[in-house]
Amino acid sequence: MSFESLAIENTLLSVMIRFFINLFVLFVLIRFIYYRFTRKEEFLFSYFLMGIIIFLICSLLETVDIQLGMALGLFAIFAILRFRTVNYTVKDMTYTFTVIGVSVINSQANIPPPVIGAIVINSIIIITVYSLEIFLQKRVLSTLLIIYNRLDLLKPALKKELLKDLCDQTGQNIEKLKIRKIDIGKGVSELEVYYKEKILSQ
């Protein structure tokens, strides 16, 4: 019996082979891509466990009378209910959907040839996510509201001096800013600054 034929059979050994492939893909996606670019430890447990449970449930769908679309809908509802009360960004939601999709694909899809098909599909997902993270990291700026007390530097001619002073005070590489409010009586202003966030590596 070849490895290719074993990978598409609905046996315990076949499920375990696909399970460890899925676990490896999840590890690369969550630990080496998501965590590297976000540094959010609070979602690592949820993402890993979500991917594992979804894979195992989908692997057993052939034994029950339930459509895959309904199962995906249930997973999506559970994910929204789980994260609706926390600080959950659009990127986090996208990773949730990606984890669900990867687990469903690895549990159900049998693209011939089985091994090469699984490698190609998972590689496309991983390369796409990583490429988008690299692209966005170079272009997306984070924002911060600052109460600033040097009104004399708010003149258009002193923009360079203003940016330099803000960079020195915040320790961030501020590239542009927007004046939201000026209170001459109190001698302060409210600035919205845009900067490239520094991601500290371990």
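An account of the accompanying structure is given in this report. (Residues numbered from 1 in each chain as written. Predicted model: local features only at pLDDT ≥ 70, side-chain atom pairs only at ≥ 80, totals over all residues. Heavy atoms only, no water.)

1. Digging into the packing of helix 2 (residues 12-38) against helix 5 (residues 90-108)
Stated formally: Inter-axis angles, ranging from 0 to 180 degrees, are taken between N-to-C directions of lines fitted to C-alpha atoms, where helices are fitted over the stretch in contact. To qualify as a helix, a DSSP run of H or I must reach at least 4 residues; to qualify as a strand, a run of E must reach at least 2; elements of each kind are numbered from the N terminus. Reported orientations rely on four angle classes, namely roughly parallel under 35 degrees, roughly antiparallel over 145, roughly perpendicular from 65 to 115, and oblique for the rest. Two helices that cross are described as forming a left-handed crossing if the nearer one is turned anticlockwise from the farther one by less than a right angle, and a right-handed crossing if clockwise. Any two residues whose heavy atoms approach within 4.5 Å are treated as being in contact. Gly is placed with the polar residues, together with every amino acid not listed as nonpolar (Ala, Val, Leu, Ile, Met, Phe, Trp, Tyr, Cys and Pro) or charged (Asp, Glu, Lys and Arg).
Relative to each other, helix 2 and helix 5 sit at 165°, their axes nearing to 9 Å. With respect to their mutual orientation, helix 2 and helix 5 come out roughly antiparallel. Considering how the two elements wind past one another, helix 2 and helix 5 form a crossing that is right-handed. Mapping the contact onto sequence places Arg-18, Asn-22, Val-25, Leu-26, Leu-29, Ile-30, Ile-33, Tyr-34 and Thr-38 in helix 2 and Lys-91, Asp-92, Tyr-95, Thr-98, Val-99, Val-102, Ser-103, Asn-106 and Ser-107 in helix 5. Its residues placed into classes, the contact of helix 2 with helix 5 shows nine nonpolar, six polar and three charged.

2. Remarks on the side chain of Asp-165
Relative to the helices and strands, Asp-165 is located in helix 7 (residues 159-170). When neighbours within four sequence positions are excluded, Asp-165 is seen to be in contact with Tyr-148, Arg-150 and Leu-153.

3. Quick look at the pattern of salt bridges
This is how it is decided: Here, a salt bridge means any side-chain nitrogen of Lys or Arg that lies within 4 Å of a carboxyl oxygen of Asp or Glu. Summary of the burial criterion: residues with accessible area below 20% of their type's maximum are buried, those above 50% are exposed, and those between are partly exposed, where the area comes from a 1.4 Å probe applied to protein chains only.
Inspection of the entire model under this criterion finds seven salt bridges. For Asp-165, the salt bridge is made with Arg-150, and the minimal N-O distance between the two is 3.8 Å. Taken together, the residues span a long stretch of sequence, with Asp-165 in helix 7 and Arg-150 in the loop between strand 1 (142-148) and helix 7 at a distance of 15 residues. Take Asp-165: its relative accessible area is 15%, and that puts it in the buried class. According to the relative accessible area criterion, Arg-150 is partly exposed, its value standing at 34%. Asp-168 is the partner of Lys-164 in a salt bridge, and the nearest nitrogen-oxygen pair spans 3.3 Å. Highlighted residues: Lys-164 and Asp-168, both in helix 7, separated by four residues, approximately one helical turn. Here the two residues Lys-164 and Asp-168 agree in accessibility, since each one is exposed. Residues participating in the shared-partner salt-bridge network are Arg-150, Asp-152 and Asp-165.

4. What to know about the sheet that holds strand 3 (residues 188-196)
As a reminder of what qualifies: Should DSSP find at least two bridges between two strands, the strands are regarded as paired.
An order of 1-3-2 is seen for the three strands of this open sheet, with the pairing classed as antiparallel. Either end of the sheet is taken by a strand with one partner, and the two such strands are strand 1 and strand 2 (173-183). Averaged over neighbouring strand pairs, the angle between their axes works out to 25° when direction is ignored. Strand direction decides the pairing type here: strand 2 and strand 3, joined by nine bridges, are antiparallel. If you follow Asp-183 over to strand 3, its bridge partner there is Val-188. This element, helix 7, spans strand 1, strand 2 and strand 3 of the sheet and lies at about 100° to strand 2.

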